[in-house]
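Chain by chain, the residues:
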Amino acid sequence: MNILLASSNRHKLKELREIFADTPVNIEMAQSSMLEGVEESAPTFVENALIKARALAEKVGGPALADDSGLVVPCLNGAPGVYSSRYCGQNASDAENNAKLVRELKRQGFSGEPEKSAPEAFFYCVLVYLEGPRYPTPLMCEGVWRGRIVLEPRGDSGFGYDPHFLPRDGAHTAAELSTNEKNAHSHRGQACRAMRSLILSE
Ligand code: ITT
């Protein structure tokens, strides 16, 4: 069974594929032309995931999966939130977004010391699976991964804000974990395992 993912983020694809690896489900990335002009214009993750899944389902006339995710920092009023991939501007790199996150936290008075008083944050992920563009019951699964933001980046695996995210009760940032280790705890891992059960039980 092939499922098309409404995403151009190869890191997401890699993480999702690992979780579906021992199932008959094969996740394929949609061609970028299929998602041209799709605007993630809503203020919540779930609405944006539906926008992406529906746009792709309409394009292909069949099933589509979408992931909308991001980092939420309560002391920054929830930022970067749904703007996580474009926190420092439309085509911002991970490095630029991370630098802005550190700047904003320093502006709030955080110095990075001691680490246990680092600002709290969480990663959020919602996966939406639509059987078709007009199908009335999308499958929706979410995951939350709680931790703190360290001002000094550590590790070089993963993507996005991983080098600054220290999971609760963990000694390593998300970027110091292998994909398997990250998936075992992460927001995307949780959402994906729930979605895997739903799709396989259909
Ligand atoms: P698509 O919309 O094409 O799927 P995107 O990267 O723009 O790709 P989102 O709009 O869902 O996807 O934004 C996700 C951003 O949130 C991502 O670019 C990272 O900056 C951040 N993010 C989400 N999950 C993350 C993770 O596991 N580790 C680090 N950062 C993550």
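See the structure above.
All values derive from a computational prediction rather than experimental measurement. (Residues numbered from 1 in each chain as written. Predicted model: local features only at pLDDT ≥ 70, side-chain atom pairs only at ≥ 80, totals over all residues. Heavy atoms only, no water.)

Asker: Honestly, the pairing of strand β4 (residues 120-130) in this entry has me stumped. Any pointers?
Answerer: In regular strands, side chains alternate between the two faces of the sheet. Along β4, ten of the eleven residues are buried, which leaves the element largely enclosed by surrounding structure. With nine bridges connecting them, strand β3 (residues 64-72) and β4 associate as antiparallel partners. Paired with A66 across the strands is V128, a residue of β4. (Buried < 20%, exposed > 50% of the residue type's maximum accessible area, 1.4 Å probe, protein only. Helix = DSSP H or I, 4+ residues; strand = E, 2+ residues; numbered from the N terminus. Pairing = 2+ DSSP bridges.)

Asker: Would you mind showing me how to read the pattern of salt bridges here?
Answerer: Between side chains of opposite charge, a pair can form as their charged atoms come close. Scanning all chains against the criterion turns up 13 salt bridges. Notably, a salt bridge pairs D67 with K12, separated by 3.1 Å at the nearest N-O pair. Taken together, the residues D67 in strand β3 and K12 in helix α1 (residues 10-20) connect sequence positions 55 residues apart. Given a relative accessible area of 0%, D67 falls into the buried group. Taking relative accessible area as the criterion, K12 reaches 8% and is therefore assigned buried. Note that K52 and D68 form a salt bridge whose closest N and O atoms lie 2.8 Å from each other. Of this pair, K52 sits in helix α2 (residues 45-60) while D68 sits in strand β3, and the two are 16 residues apart along the sequence. For D68, a relative accessible area of 4% puts it in the buried group. (Salt bridge = Lys/Arg side-chain N within 4 Å of Asp/Glu carboxyl O.)

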